[in-house]
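If you want the building blocks of each chain, they are given just below.
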Amino acid sequence: MAGMESLGSLIADTSRMMRRSFDGRARSIGVTRPQWQVLVTLARHEGINQGGLAEQLDVEPITVCRMVDRLQDAGLVERRADAADRRSWRLHLTDRAHSLLEQLRPMAQAMMDDAMEGIEPDERIRLIAMLEQVRHNLSRKLTEQAAANG
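One structure accompanies this document, and this report is about it. These figures come from a predicted structure and were not determined experimentally.

Moving on: a nonpolar patch on the surface. A surface patch of nonpolar side chains, about 390 Å² in accessible area, is lined by Leu-7, Ile-11, Leu-127, Met-130 and Leu-131. Of all elements in the fold, only helix H1 (2-27) and helix H6 (121-148) reach the threshold of two or more residues within the nonpolar patch. It is H6 that provides the largest number of residues to the nonpolar patch, a total of 3 residues.

Have a look at this one:
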């Protein structure tokens, strides 16, 4: 079905353009989009371990390790020993990271406002709800496929 093919391309192109737009804004305060994604994920899951963070970001654990190393060197993330498992580290944002996130939020909102220009508020709500449904459907199917493949 040609419509579905173009939907995938449209979503991919939109995602790429949103990433590029945000990258340009975030660079002005010295943060890359992947770093921002790590910081936002840690803000939502403060105290998560590196394996859990890799799962949340859908990247390899070694990739997360390198990203966390750079963020720790920049004074944005700290590793704390896990009381239950001394071999594991829990990840926490520093005060500097929380301050940086406060600066990044309006940049993300401005980018989203630019992206949604000309779309009425009720249409925005419907668009987001529909995309959430698409994501949910695909996530459910992937889970079912993984279970079937054992």
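Let's shift gears to the nonpolar core. In terms of nonpolar packing, the biggest core is built from 25 residues, with Leu-39, Leu-42, Leu-53, Val-77 and Leu-104 touching the most fellow members. Here the element with the most residues in this core is helix H5 (residues 95-115); it accounts for 7 residues. Apart from residues lying up to four places away in sequence, Val-77 is in contact with Leu-39, Leu-42, Val-68, Leu-71, Gln-72, Leu-91, His-92, Leu-93 and Thr-94.

As a packed pair, helix H2 (residues 33-44) and H5 sit with axes 11 Å apart at the nearest point and diverge in direction by 110°. By the criterion of interaxial angle, the relationship of H2 to H5 is roughly perpendicular. Here the hand of the crossing between H2 and H5 comes out left-handed. Between H2, through Trp-36, Leu-39, Val-40 and Ala-43, and H5, the contact on the second element is made entirely by Ala-97, Leu-100, Leu-101, Leu-104 and Ala-108.

Relative to the helices and strands, His-92 is located in strand E2 (residues 89-93). Look at His-92 and you get buried, because its relative accessible area is 14%. At a separation of 3.4 Å, a polar atom in the side chain of His-92 contacts the side chain of Glu-46. In this structure, His-92 is in contact with Glu-46, Gly-47, Leu-76, Val-77, Glu-78 and Arg-80, ignoring residues within four places of it in sequence.

What counts, and at which threshold
- Residues numbered from 1 in each chain as written.
- Predicted model: local features only at pLDDT ≥ 70, side-chain atom pairs only at ≥ 80, totals over all residues.
- Heavy atoms only, no water.
- Patch = residues over 30% accessible without salt bridge, like charges linked within 9 Å, V, L, I, M, F, W, Y side chains within 5 Å.
- Areas by Shrake-Rupley, 256 points an atom, 1.4 Å probe, with all protein chains shown as cover.
- Salt bridge = Lys/Arg side-chain N within 4 Å of Asp/Glu carboxyl O.
- Helix = DSSP H or I, 4+ residues; strand = E, 2+ residues; numbered from the N terminus.
- Core = buried A, V, L, I, M, F, W, Y, C linked by side-chain atoms within 4.5 Å.
- Buried < 20%, exposed > 50% of the residue type's maximum accessible area, 1.4 Å probe, protein only.
- Contact = heavy atoms within 4.5 Å.
- Axes fitted to C-alpha atoms, helices over the stretch in contact; angles between N-to-C directions.
- Parallel < 35°, antiparallel > 145°, perpendicular 65-115°, else oblique.
- Left-handed = near helix turned anticlockwise from the far one by under 90°.
- Polar contact = N/O pair within 3.5 Å; in protein donor to acceptor, adjacent residues only side chain to side chain.

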